[in-house]
Amino acid sequence: MEALAFLFSLFLLSIDGFIIGFIFGLKRIRIELSTLTIISIFTALVMLIALFFGNVVGEFIPTYAIKVLSGILLVVIGAYQLLSNPPLYQPSFLIRLAIIINIDGLAYGVQAGLAGRSYSFAFFVGIFLFVAIVFGVVQGNTIRNSFVLRYLAVLPGFIFIALGLSKFIF
């Protein structure tokens, strides 16, 4: 049962990465393997810090506030995407994406630290995120639906907004 909960947690933490990879694939944007590796390592390090933080002082942190902040940031980025349609491949935008992916992971990491989850969990989070982004890119590249391709310019903005709003619901 513990292994199933472990895998389910990894899956949930990888959803954001899959959606971001899917957007990159839809727009036919190539993401450098080195950039993807850095984002994954950064995510693992943030999770490691969050686990430690949760183990040490996590009882005093309102993790729901971190989740709400993550949702707000995703909605803002989605609205910005709809209004200005910036290229996602700019390095500064990739850095912002890495931070946003990790804000949500930070809240979960603190909670996992409170629950006494092993520090090896951080390593697996980085691996799963890497795989999720690659899988998202591949899936986004395979879309040939004319409806999706016609509205490609606005789709990423709506996806970010939906992902942000989901943070308030779940």
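Quick caveat, the model's predicted, so the values are computed rather than measured.

Caption draft 1: Inspection of the packing of helix α1 (residues 2–26) against helix α5 (residues 120–142) at higher detail. At a minimum axis distance of 6 Å, the contact between α1 and α5 shows a crossing angle of 35 degrees. Considering the relative orientation of α1 and α5, their crossing is right-handed.

Caption draft 2: Representation of the environment of isoleucine 133 in the model. Among the secondary structure elements, isoleucine 133 is positioned in helix α5. For isoleucine 133, a relative accessible area of 4% translates into the label buried. With 113 residues separating them in the primary sequence, isoleucine 133 and isoleucine 20 have C-alpha atoms 6.8 Å apart. Those residues in contact with isoleucine 133 that lie beyond four places of it in its chain are Gly17, Phe18, Gly21 and Leu36.

Caption draft 3: Representation of the environment of leucine 12. Relative to the helices and strands, leucine 12 is located in helix α1. According to the relative accessible area criterion, leucine 12 is partly exposed, its value standing at 42%. Counting along the chain gives 116 residues from leucine 12 to phenylalanine 128, while the straight-line C-alpha distance between them is 9.9 Å.

Quick notes on the rules
Residues numbered from 1 in each chain as written. Predicted model: local features only at pLDDT ≥ 70, side-chain atom pairs only at ≥ 80, totals over all residues. Heavy atoms only, no water. Axes fitted to C-alpha atoms, helices over the stretch in contact; angles between N-to-C directions. Helix = DSSP H or I, 4+ residues; strand = E, 2+ residues; numbered from the N terminus. Left-handed = near helix turned anticlockwise from the far one by under 90°. Buried < 20%, exposed > 50% of the residue type's maximum accessible area, 1.4 Å probe, protein only. Contact = heavy atoms within 4.5 Å.

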